[in-house]
Amino acid sequence: MGVIVVTGIPGVGKTTVMQKAAEGMDIQFVTFGTVMIDIAKELGLVKDRDEMRKLTLDQQKQLQIKTAEKVGKMKNVILDTHCTVKTPKGYMPGLPEWVLRKLNPTAIIIVEADPQEIFNRRAKDTTRNRDPDSVEKIAEHQMMNRAVAMSYATLTGATVKIVFNHDNALDAAVKEAEPVIR
Ligand code: AMP
Ligand code: MG
């Protein structure tokens, strides 16, 4: 297995779903944002992960490519990342062509939930500095992610699977994700 990309907008629960789906597997779990913030901290650019999407686009792109170079060398990876990153200038592609070429994913999983469910989850999460998006904006963000995921697929041949992580239905989400990684 090469790289399997797992995406989903902040607060959808992609980390929870994927960690459970990969339980017991000989697989490396890598969070793109964690590798990226380590590099950003070394460069003295940010203190917390939610500051990164507010950096200039050039800075974000530089960090993104450095991160992709590092992750691209790893084997048997489930990569937790984003189809798009919401910046003040608009949706930035999380996997532009030059990043995709380094990662070469075989599958892309999109974890989704109802916009209202995500809105409620974000409101409860005090550990992060989530954006205060409306329900409509959350729906828009998920729509943009679906669209861009298929364009990533046309560049790589990766499959795209949408996995719903509804409230109190974690097991169903895990079941949907499993065939992609096993
Ligand atoms: P997360 O912990 O998944 O919410 O990611 C933290 C932060 O890492 C995001 O808010 C982005 O600033 C950054 N990040 C994660 N994945 C990417 C990516 N593929 N491209 C650019 N930035 C990313
Ligand atoms: Mg996460």
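Placed above this text is the structure.
What counts and what doesn't
Residue numbering note: each chain is counted from 1, following its sequence as written. Chains and ligands are labelled by the order in which they are written, letters from A for the one and numbers from 1 for the other. Where local features are concerned, this predicted model is filtered to residues with pLDDT of at least 70; where side-chain atom pairs are given and counted, the filter is 80 or more; whole-chain, interface and lining totals use all residues. Side-chain metrics in this entry use all non-hydrogen atoms of the structure; hydrogen atoms and water are not considered. Helix and strand labels come from DSSP, where a helix needs a run of H or I of at least four residues and a strand needs a run of E of at least two; each type is numbered from the N terminus. The size measure is the radius of gyration over C-alpha atoms, and the globule rule it meets is 2.2 Å times the number of residues to the 0.38 power. For every residue, the accessible area (1.4 Å probe, protein chains only) is compared with the maximum for its type, and the residue is labelled buried under 20%, exposed over 50%, or partly exposed between those bounds. Only heavy atoms matter for contacts: two residues are in contact if any of them lie within 4.5 Å across the pair. Note that accessible areas follow from Shrake-Rupley with a 1.4 Å probe, and for residues the cover is restricted to the protein chains shown. In summary, the charge assignment counts Lys and Arg as positive and Asp and Glu as negative, without counting His or the chain termini. Lysine's charge is taken at NZ, arginine's at CZ, aspartate's at CG and glutamate's at CD. Expected helix span is given by 1.5 Å per residue-to-residue step, counting one fewer step than there are residues. For two strands to be treated as a pair, DSSP must find no fewer than two bridges joining them. One heavy atom within 4 Å of a molecule or strand is enough for the residue carrying it to be called near that molecule or strand. Pairs of N or O atoms are called polar contacts if they sit within 3.5 Å, as long as, within protein, a hydrogen donor faces a hydrogen acceptor (for residues adjacent in sequence, only side-chain-to-side-chain pairs). Here the term charged refers only to Asp, Glu, Lys and Arg, the term nonpolar to Ala, Val, Leu, Ile, Met, Phe, Trp, Tyr, Cys and Pro, and the term polar to all other amino acids, Gly among them. Among buried residues, the Ala, Val, Leu, Ile, Met, Phe, Trp, Tyr and Cys ones that are joined through side-chain atoms within 4.5 Å form a nonpolar core.

Visitor: Just checking my understanding: could you explain the overall build of the chain for this structure?
Guide: Helix and strand counts for the chain come out as seven helices and seven strands. The order of α-helices and β-strands along the chain, N terminus first, is β-α-β-α-α-β-β-β-α-β-α-α-β-α. Taking 16 Å as the expected radius of gyration for a compact globule of 182 residues, we find that the chain reaches 15 Å, a close match to that expectation. C-alpha extents for the chain along the principal axes are approximately 40 × 35 × 30 Å. Per-residue burial over the chain gives 42% buried out of 182 residues. Taking the intrachain contacts of the chain between residues at least 6 apart in sequence as the baseline, contacts between residues at least 24 apart amount to 76%. Carbon and sulfur atoms provide 53% of the accessible area of the chain, an area that totals close to 9,200 Å². A distance of 4 Å separates the average location of the 26 positive side-chain charges in the chain from that of its 23 negative side-chain charges.

Visitor: What should I look at first to understand helix α3 (residues 57-72) in this one?
Guide: It helps to recall that an α-helix has 3.6 residues per turn; residues three or four apart then point in one direction. The end-to-end C-alpha separation of α3 is 22 Å, in line with the 22 Å expected for 16 residues at 1.5 Å each. Among the structural elements, β2 (28-31), α2 (32-42), β3 (77-80), β4 (84-87), β5 (90-93) and α4 (97-103) are those in contact with the buried residues of α3.

Visitor: How do you make sense of the pairing of β3 when you look at a structure like this?
Guide: Regular strands place their side chains on alternate faces of the sheet. Where burial is concerned, the two faces of β3 agree: the one with Val 77 and Leu 79 and the one with Ile 78 and Asp 80 are both buried. Note that strand β1 (residues 3-7) and β3 share four bridges and pair parallel. Directly across from Val 5, in β3, lies its bridge partner Leu 79. Alignment of β2 against β3, held across four bridges, turns out to be parallel. Counterpart to Gln 28 in the pairing with β3 is Val 77.

Visitor: Quick question: what am I supposed to make of the site of ligand 1 here?
Guide: Around ligand 1 lies a shell of 14 residues, among which Arg 49, Thr 81, His 82, Gly 94 and Arg 128 are the nearest. In this structure, His 82 approaches ligand 1 through a side-chain N or O atom, which is 2.8 Å from an oxygen atom. In this structure, a nitrogen atom belonging to ligand 1 sits 2.9 Å away from a main-chain N or O atom of Gly 94. Considering ligand 1 on its own, with 480 Å² of exposed area, one finds that the protein chains cover 97% of that surface. The biggest single contributor to the shell around ligand 1 is α2, with three residues. Residue composition of the shell around ligand 1, grouped by class: five nonpolar, five polar and four charged.

Visitor: Honestly, the nonpolar core in this entry has me stumped. Any pointers?
Guide: The nonpolar side chains of a soluble globular protein tend to be buried with one another. If you look at the biggest cluster of nonpolar residues, it comprises 28 residues, and the most contacted ones within it are Leu 79, Leu 95, Leu 103 and Tyr 152. The biggest single contributor to this core is α2, with six residues. Setting aside anything within four residues of it in sequence, one finds Leu 79 in contact with Val 3, Ile 4, Val 5, Val 6, Val 30, Phe 32, Val 71 and Leu 103. Val 12, Ala 107, Val 163 and Ala 173 belong to the second-largest nonpolar core, a separate cluster that totals 21 residues.

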